[in-house]
Protein chains: 2
Amino acid sequence: MKSIKVGLLGVGNVGAGTFSVLRRNQEEIRRRAGRGIEIVAVSARNLERAKERTEGQCKVVADPFEIVNDPEIDIVVELIGGYDTAKELVMQAIANGKHVVTANKALLALHGTEIFAAAQAKGVMVAFEAAVAGGIPIIKALREGLTANRIEWIAGIINGTTNFILSEMRDKGLDFATVLKEAQRLGYAEADPTFDIEGVDAAHKATILSAIAFGIPVQFDKAHIEGITKLQAIDIKYAEQLGYRIKLLGIARRAKVEGGEGIELRVHPTLIPAKRLIANVEGAMNAVLVQGDAIGATMYYGKGAGPEPTASAVIADLVDITRLATADPEHRVPHLAFQPNAMTDIKILPMADITTCYYLRMTVADRPGVLAELTRILADGSISIDAMMQKEPAEGETHTDIILLTHLTQEKNVVAAIDKIEALSSVVGKVTKIRLENLA
Amino acid sequence: MKSIKVGLLGVGNVGAGTFSVLRRNQEEIRRRAGRGIEIVAVSARNLERAKERTEGQCKVVADPFEIVNDPEIDIVVELIGGYDTAKELVMQAIANGKHVVTANKALLALHGTEIFAAAQAKGVMVAFEAAVAGGIPIIKALREGLTANRIEWIAGIINGTTNFILSEMRDKGLDFATVLKEAQRLGYAEADPTFDIEGVDAAHKATILSAIAFGIPVQFDKAHIEGITKLQAIDIKYAEQLGYRIKLLGIARRAKVEGGEGIELRVHPTLIPAKRLIANVEGAMNAVLVQGDAIGATMYYGKGAGPEPTASAVIADLVDITRLATADPEHRVPHLAFQPNAMTDIKILPMADITTCYYLRMTVADRPGVLAELTRILADGSISIDAMMQKEPAEGETHTDIILLTHLTQEKNVVAAIDKIEALSSVVGKVTKIRLENLA
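Residues numbered from 1 in each chain as written. Chains lettered and ligands numbered in written order. Predicted model: local features only at pLDDT ≥ 70, side-chain atom pairs only at ≥ 80, totals over all residues. Heavy atoms only, no water.

Residues and elements named next belong to chain B. Taken together, the 6 strands give an open sheet; going across it, the order is S3-S2-S1-S4-S5-S6, and neighbouring strands pair in parallel fashion. Only two strands of the sheet have a single neighbouring strand rather than two, namely strand S3 (59-61) and strand S6 (126-127). With respect to the sheet, helix H13 (residues 307-324) is in contact with strand S1 (4-9), strand S2 (37-43), strand S4 (75-78), strand S5 (99-102) and S6, its orientation differing from that of S5 by roughly 160°. (Pairing = 2+ DSSP bridges. Helix = DSSP H or I, 4+ residues; strand = E, 2+ residues; numbered from the N terminus. Contact = heavy atoms within 4.5 Å. Axes fitted to C-alpha atoms, helices over the stretch in contact; angles between N-to-C directions.)

In structure tokens form, the structure reads like this:
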């Protein structure tokens, strides 16, 4: 049978990884797919490097539009990243009737609705396994493996850079800035790490996961995003003493609210019980925990980045497209897991309306009555306390740390209580608030 | 679009779970699949119970052949278990041009080759996600999610009963027989637990995994099978002191051997470093660790049994069949992951030829020269020692325990060395041998 012809936009690390895995395992892949998958052309800004990386095995061009307009090419793989040009290229490829594979989570989180609609209208597929959690087949698990389930929530460690930093902070007791420098030196963080450490990358991925879990459109602008830049070593230490680890989680949850249902979509540092399997995912590894009503909890673990793990997902998409290309378009796996005419409009909740548990740390004067004032404020706000830890003041100090863990409570109640606590004369400075998920 | 009509053979726990999940989530499933999936008939020995469980919503018959011969039915779900009748029904359904979904790992591990060949010839699909690790979509991950990879090895906790027993033995320091009784009382072990505790069930599943990982036929008769019935509490304790946990693993590994490659296919109690994520999978949970050359290690975790987790896998298969039914048969996912004409005949190795690490425990006289004798025998067998622990003899005892961990070595060398060690006058009784996998 005739090989599937692939054009690659971008021959950076992932592009080079895709090229070399496809080449190394071409026999293994052909034995599975039933036909060859062949990269016939690549586009790159650095032509010399691209020629070197593809070893003269395929055409190398400077203009990516040459690839998306090449009638010989069946599938376009977009690996250049960013928004504007990437979007234009993807839309042009679709318009030309080509299937698309992309690893571009930013593009899909922002423009997925438009892109998937265009693909649907044209009868082509846009596959994006590589966009979330690298090589881990989490998109496949959610869209196909768990179709029987009403998904209740997803909680994922979906950014390797921040998980590496948090693991190092805990292991070595170092502060954020020191570990970030080390991570940059080791190649775990980029020169400009903003998207990773501010939680934006995780929010792109969580947005995609929320859409395929609940059948809602991608709505990145509604995601709540907090990174790890303000996280202090002392909170990691206190969390540990209380039996918790702090991870940057991307969370998408179906929540009961007044008048029906809402979706929580949020990325923030989160305390997790240390005994949970996902709390023990260390270094740059990724893991996604999914709760379905029939299956209960399942977890998917692996490398969330890197040339070959990402290539693994890109190539799996190529094989899937090869297989499904002959199926009736209406029988293919829908882009966002649900049929386009069966999406829902459950609203994404503002943070004030979400419900979770909280870790609160405050510095208070070491004198009688302080605890009574604090607990009165919490009781008035209907916030019930699950655990409390008061540290002895250091030698010669007149202030001490109090740490509280709350039961489930609404964010707005906690925010209001914190305002009142910070206004107390016995409380110094700001209250540190970190959300806590039991993931049970 | 017309609903897909399903006939269910057997309305035991999994059948009832499938019925109730399909009913509860019918809207969610239809929104994904694009059409309804409807159980129109079931067969059961206990007609009254079956009528109760299906709440008068479908036809209930005593003779399962009525279902496989019913022209109205598109897909037959086989949930009766066992070999003879189940095989006859599945073959008849295939002959009638019906797709089949089965959770019957025993049937596929023994007769898969014949069944898949018949399905292939008839152009129908036999889906079996529920046969391995319950609801965890591990078959899908291996057959579709990791197609880019040359799979190097798989190691799985794929029997919940034994994992529950081992977790309890470690937690509570109890012996096997005591915990087995407790597991039976709690419903984690069956009245006749032989298939579980002797490793047969895990070997059925490992056999299926080996086929789809490496493109070899199912060869249950070549699997090496050891259960947990002989495992002693003392070994779990010593393993813990050395930083290891003992799990019953199903292992399928591609191994270099003289003259090429072989496959290791084995189920046995195994020491694993306690810090590995999979070592922390407790209770009745399942987890499968897969090592691919591009992606590295990935792990899949969840409930490996139970009515609704298993139903989750059965229904995912129903949706997949609904989707792929219109694709060209040669473009569907191949039953054993590789195209039928692209299977290989890499041989499954006899145990003597496998290579792994070992935990050896022996009771020796507490006198000079014993260790010299032991280490001489090991050195002569080219077995190198990774760690050693010698316990002080108990008050008034003249014998003591020595525990050795070896580096990688071939099984036959270890067996030969154990023979020599047991012949020493300073060694009392048998040497306990447990294999050790680093899973790195």
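Residue and element names in this part refer to chain B. Taken together, the buried positions of helix H14 (residues 370-380) are occupied by Val370, Leu374, Ile377 and Leu378. What you see down the axis of H14 is that its buried residues fit within an arc of 95°, all on one side. Away from the buried face of H14 by more than 90 degrees, exposed residues Arg376 and Asp380 are located. Of the residues one or two after H14, Ser382 is the one with positive phi, at around 60°. (Buried < 20%, exposed > 50% of the residue type's maximum accessible area, 1.4 Å probe, protein only. Arc of directions from axis to C-beta.)

Okay, the domain arrangement of chain A next. With domains assigned, chain A is organised as domain 1 (4-127), domain 2 (139-303) and domain 3 (355-436). Measuring from the centre of the C-alpha atoms in domain 1 of chain A to the corresponding centre in domain 3 of chain A gives 53 Å. (Domains from an automatic or database assignment.)

Residues and elements named next belong to chain A. The topology assignment puts Leu265 in strand S10 (residues 260-273). In the structure, Leu265 is positioned 45 residues away from Phe220 in sequence and 9.0 Å away in space, judged by C-alpha atoms. Those residues in contact with Leu265 that sit more than four places away from it in its chain are Ala206, Thr207, Ser210, Gln219, Lys222, Ala223, His224, Ile251 and Ile348.

A few words on the sheet that holds strand S1 (residues 4-9) of chain A. Residue and element names in this part refer to chain A. With parallel pairing, the 6 strands of this open sheet are ordered in space as S3-S2-S1-S4-S5-S6. The open sheet has two edge strands, strand S3 (59-61) and strand S6 (126-127), and neither has a second partner. Of the pairings in the sheet, the one linking S1 to strand S2 (residues 37-43) comprises 6 bridges and is parallel in character. If you follow Leu9 over to S2, its bridge partner there is Ser43.

All names here are of chain A. On inspection of all chains with the given rule, the structure shows 5 aromatic pairs over all chains. Aromatic side chains Phe164 and Tyr188 sit 4.1 Å apart centroid to centroid with 20° between the ring planes, which places their arrangement in the stacked category. In this pair, Phe164 is assigned in helix H8 (residues 160-172) and Tyr188 in the loop between helix H9 (176-186) and helix H10 (194-197), connecting sequence segments 24 residues apart. Take Phe164: its relative accessible area is 8%, and that puts it in the buried class. Overall, the relative accessible area of 37% leaves Tyr188 in the partly exposed class. (Phe/Tyr/Trp six-rings, centres within 6.5 Å; stacked < 30°, edge-to-face > 60°.)

Sites flagged by UniProt as "domain: ACT" (unreviewed entry) map to residues 359-439 of chain A. Secondary structure across residues 359-439 of chain A divides into 30% helix and 41% strand, with the first and last C-alpha atoms of the span separated by 15 Å. (UniProt positions renumbered as here; feature names shortened; annotations may be inferred.)

Our next topic: the relation of the copies chain A and chain B. Mapping chain A onto chain B calls for a rotation angle of 180° and an axial translation of 0.0 Å; the resulting RMSD is 0.0 Å. Expressed as an axis order, the relation between the two copies is that of a two-fold axis. Across chain A, the rotation axis passes nearest the C-alpha of Ala327 of chain A, at a separation of 2.0 Å. Most of the interface of chain A is mirrored in chain B: 100% of its interface residues are interface residues there too. (Least-squares fit on C-alpha atoms with pLDDT ≥ 70 in both.)

Residues and elements named next belong to chain B. Quantified by volume, the second largest pocket comes out at close to 1,300 Å³. Every residue lining the second largest pocket is counted, 37 residues in all, and those nearest its centre are Val14, Lys105, Glu190, Asp201 and Ala305. Of all the elements in the fold, those that place two or more residues in the lining of the second largest pocket are helix H1 (13-24), helix H6 (105-122), helix H8 (160-172), helix H10 (194-197), helix H11 (200-214) and H13. The residue makeup of the lining of the second largest pocket, split by class, is 15 nonpolar, 14 polar and 8 charged. Counting residues domain by domain, the lining of the second largest pocket receives three or more from each of domain 1 (4-127) and domain 2 (139-303). (1 Å grid on protein atoms, 1.4 Å probe; cavity = no way out; pocket = protein on both sides within 12 Å on 5 of 7 lines; lining within 4 Å. Points joined across faces, edges and corners; volume = space filled by probe spheres on them. Nonpolar A, V, L, I, M, F, W, Y, C, P; charged D, E, K, R; others polar.)

Turning to the packing of H1 of chain B against H13 of chain B, a few remarks are in order. All names here are of chain B. Two elements in contact, H1 and H13, have axes whose closest approach is 8 Å; the angle formed by their N-to-C orientations is 65°. For the crossing formed where H1 meets H13, the hand is right-handed. The residues of H13 that touch H1, namely those facing Asn13, Val14, Gly17, Thr18, Ser20, Val21, Leu22 and Arg24, are Pro307, Glu308, Thr310, Ala311, Val314, Ile315 and Leu318. Across the contact of H1 with H13, the residue classes tally to 8 nonpolar, 5 polar and 2 charged. (Left-handed = near helix turned anticlockwise from the far one by under 90°.)

Once that is clear, we can look at a nonpolar patch on the surface. Side chains of Leu371, Ile385 and Met388 of chain A sit close together on the surface and give an oily, nonpolar patch of about 210 Å² of accessible area. Residue position: Leu371 of chain A is located in helix H14 (residues 370-380). (Patch = residues over 30% accessible without salt bridge, like charges linked within 9 Å, V, L, I, M, F, W, Y side chains within 5 Å. Areas by Shrake-Rupley, 256 points an atom, 1.4 Å probe, with all protein chains shown as cover. Salt bridge = Lys/Arg side-chain N within 4 Å of Asp/Glu carboxyl O.)

This part takes up empty space enclosed by the protein. For the structure shown, the criterion picks out 7 cavities of 30 Å³ or more. The computed volume of the largest cavity comes to approximately 250 Å³. Every residue lining the largest cavity is counted, 20 residues in all, and those nearest its centre are Lys140, Glu144, Asp320, Leu324 and Val333 of chain A. Listed by contribution, the elements that provide at least two residues to the lining of the largest cavity are S6, helix H7 (138-145) and helix H13 (307-324) of chain A together with helix H7 (138-145) and H13 of chain B.

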